[in-house]
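Spelled out from the first residue to the last, the chains are:
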Amino acid sequence: QVLLVESGGGLVQAGGSLRLSCAASGRTFSDYAMAWFRQAPGKEREFVAAISWTGGGTRYADSIKGRFTISRVNVRNIMYLQMNSLKPEDTAVYYCAATIASWGSRRDRDYDYWGQGTQVTVSS
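From a predicted model like this one, the values you see are computed outputs, not experimental measurements.

S.K.: Residue-level account of the overall build of the protein, with values.
M.R.: Of regular secondary structure, the protein possesses zero helices and 11 strands. Helices and strands appear in the protein in the N-to-C order β-β-β-β-β-β-β-β-β-β-β. The C-alpha radius of gyration of the protein comes to 13 Å, within 12% of the 14 Å expected for a compact globule of 124 residues. Taken along the three principal axes of its C-alpha coordinates, the protein extends 40 × 25 × 25 Å. Within the protein, the proportion of its 124 residues that are buried is 45%. Taking as baseline every contact in the protein between residues at least 6 positions apart, the subset at least 24 positions apart corresponds to 61%. Taken as a whole, the protein presents about 6200 Å² of accessible surface, with 46% of it coming from carbon and sulfur. The protein carries 14 positive and 10 negative side-chain charges, and their two centres are separated by 5 Å.

S.K.: Pulling in residues and values, what's your account of the pairing of strand β8 (residues 78-83)?
M.R.: Burial within β8 is extensive, with five of its six residues counted as buried. Across six bridges, the pairing between strand β3 (residues 18-26) and β8 is antiparallel. Its bridge partner lying in β8, Leu-18 is registered against Met-83. Note that strand β7 (residues 68-73) and β8 share six bridges and pair antiparallel. Following the sheet pairing, Arg-72 is matched in β8 by Met-79.

S.K.: Can you lay out the pairing of strand β1 (residues 2-7) for me, pointing to particular residues and giving the numbers?
M.R.: Looking down a regular strand, the side chains alternate between one sheet face and the other. Here β1 shows a clear split, with Val-2, Leu-4 and Glu-6 buried on one side and none of Leu-3, Val-5 and Ser-7 buried on the other. Pairing of β1 with β3 involves six bridges; the strand directions are antiparallel. Pairing of Glu-6 across the sheet is with Cys-22, part of β3.

S.K.: Report on the packing of aromatic side chains, specifying residues and quantitative values.
M.R.: Scanning the model with the defined rule gives six aromatic pairs in all. Relative to Tyr-113, the ring of Tyr-32 has its centre 5.9 Å away and its plane inclined at 85°; by these criteria the two rings are edge-to-face. Note that Tyr-32 is positioned in the loop between β3 and β4 (33-39) and Tyr-113 in strand β10 (residues 113-114), a separation of 81 residues in sequence. The class of Tyr-32 is buried, set by a relative accessible area of 1%. Take Tyr-113: its relative accessible area is 25%, and that puts it in the partly exposed class.

S.K.: Hey, could you go over the pattern of salt bridges for me, with residue numbers and the actual values?
M.R.: Evaluation of the coordinates by the stated rule reveals seven salt bridges. When the shortest N-O distance is used, the salt bridge between Asp-108 and Arg-45 registers 3.4 Å. In this pair, Asp-108 sits in the loop between β9 (92-99) and β10 while Arg-45 sits in the loop between β4 and β5 (46-51), placing the two residues 63 residues apart along the sequence. We classify Asp-108 as partly exposed; its relative accessible area is 27%.

Cut-off values and rules
- Residues numbered from 1 in each chain as written.
- Predicted model: local features only at pLDDT ≥ 70, side-chain atom pairs only at ≥ 80, totals over all residues.
- Heavy atoms only, no water.
- Helix = DSSP H or I, 4+ residues; strand = E, 2+ residues; numbered from the N terminus.
- Rg over C-alpha atoms; globule rule 2.2 N^0.38 Å.
- Buried < 20%, exposed > 50% of the residue type's maximum accessible area, 1.4 Å probe, protein only.
- Contact = heavy atoms within 4.5 Å.
- Areas by Shrake-Rupley, 256 points an atom, 1.4 Å probe, with all protein chains shown as cover.
- Lys, Arg positive; Asp, Glu negative; His and termini not counted.
- Charge placed at Lys NZ, Arg CZ, Asp CG, Glu CD.
- Pairing = 2+ DSSP bridges.
- Phe/Tyr/Trp six-rings, centres within 6.5 Å; stacked < 30°, edge-to-face > 60°.
- Salt bridge = Lys/Arg side-chain N within 4 Å of Asp/Glu carboxyl O.

Spelled out as structure tokens, the structure:
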């Protein structure tokens, strides 16, 4: 089992940047493929980005491709989401998720563990 804790959210103006962190504890971090999802008010949770166990593989949603970068540092048990050129439509609660199954899934039901979420608000 792994415990996930997100941080780094906040209020930023459009065009600005934020870096989210997801700190993991418990089972060996490198055992898990990881991902970021987000949920805006009144909308379903949606896939943002995924990263493989070693970080060698990444996958992104079309809506954020070229603006966001997912990464991980296994020796520090942490994953990041660097978000640049933020838009008001990026406003959401961002969640990190983990699975011991195959990496890269865009479906939230494929992930076994979730953090509590961190709010990102982008003002226009």
